Amino acid sequence: MHEVDMTRCLLLSMQSWRQRHDPATPLVSRVHLQVGQFTCVEPEQLCFTWSVAVQGSWLDGAQLEIETVPLVGRCIACGGTYQPEVANAYQSPCCRQPLEEIISGRELRIRSVDYTLPTPSSPIA
Ligand SMILES: [Zn+2]
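Owing to the predicted nature of the structure, the values given are computational and were not obtained by experimental measurement.

About the cut-offs
- Residues numbered from 1 in each chain as written.
- Predicted model: local features only at pLDDT ≥ 70, side-chain atom pairs only at ≥ 80, totals over all residues.
- Heavy atoms only, no water.
- Helix = DSSP H or I, 4+ residues; strand = E, 2+ residues; numbered from the N terminus.
- Contact = heavy atoms within 4.5 Å.
- Polar contact = N/O pair within 3.5 Å; in protein donor to acceptor, adjacent residues only side chain to side chain.
- Core = buried A, V, L, I, M, F, W, Y, C linked by side-chain atoms within 4.5 Å.
- Buried < 20%, exposed > 50% of the residue type's maximum accessible area, 1.4 Å probe, protein only.
- Pairing = 2+ DSSP bridges.
- Axes fitted to C-alpha atoms, helices over the stretch in contact; angles between N-to-C directions.

Draft legend 1. Representation of the environment of His 2 within the structure. Within the secondary structure layout, His 2 lies in helix α1 (residues 2-19). The sequence separation of His 2 and Val 41 amounts to 39 residues, and the corresponding C-alpha distance is 7.2 Å. Those residues in contact with His 2 that sit more than four places away from it in its chain are Thr 39, Cys 40 and Val 41. A distance of 2.8 Å separates a polar side-chain atom of His 2 from the backbone oxygen of Thr 39.

Shown next as structure tokens:
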């Protein structure tokens, strides 16, 4: 049910993004997302939840484009960065320190939105 909360979050962000274009409603074709590896989100599941959630709304038909951001941690002993792995309990390979500082991998961010603004309707001559 993680993805449902994420989708709710995204919809709220999109809602405030829309207000910047008020009173026009942008026609969104694609939303580019950055999703950290450590957020435990299944991209496919998120896409599915999203497509159901936007049905019938102003975002109907907008596709999610998900870019996965790898998990990177910093070793608290030597300051080196490394890619933590479940297999060794996320310890740093250099000094065997527990993962305490995460540099990337936890983000859920809208990177960009592909959209068009509706042209004001003009009478057809
Ligand atoms: Zn280290």
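Draft legend 2. Quick peek at the nonpolar core. In this structure, Met 14, Val 28, Leu 46, Trp 50, Leu 59 and Leu 64 are the most contacted members of the largest nonpolar core, which totals 16 residues. When residues of this core are traced back to their parent elements, those giving at least two are α1, β1 (27-36) and α2 (43-53). Excluding residues within four positions of it along the chain, Met 14 makes contact with Val 28, Val 31, Trp 50, Trp 58, Leu 59, Ile 110 and Val 113.

Draft legend 3. Inspection of the sheet that holds β1 at higher detail. Across the sheet, three strands lie side by side as β2-β1-β6; this open sheet has mixed pairing. Each having just a single partner strand, β2 (63-69) and β6 (108-116) make up the two edges of the open sheet. Neighbouring strand axes in the sheet, compared pairwise and without regard to direction, differ in orientation by 20 degrees on average. Bridge count between β1 and β6: eight bridges; the pairing is antiparallel. Looking across to β6, one finds that Val 31 is bridged to Val 113. Along the sheet, α2 contacts β1 and β2; its crossing angle with β2, the most-contacted strand, is approximately 155 degrees.

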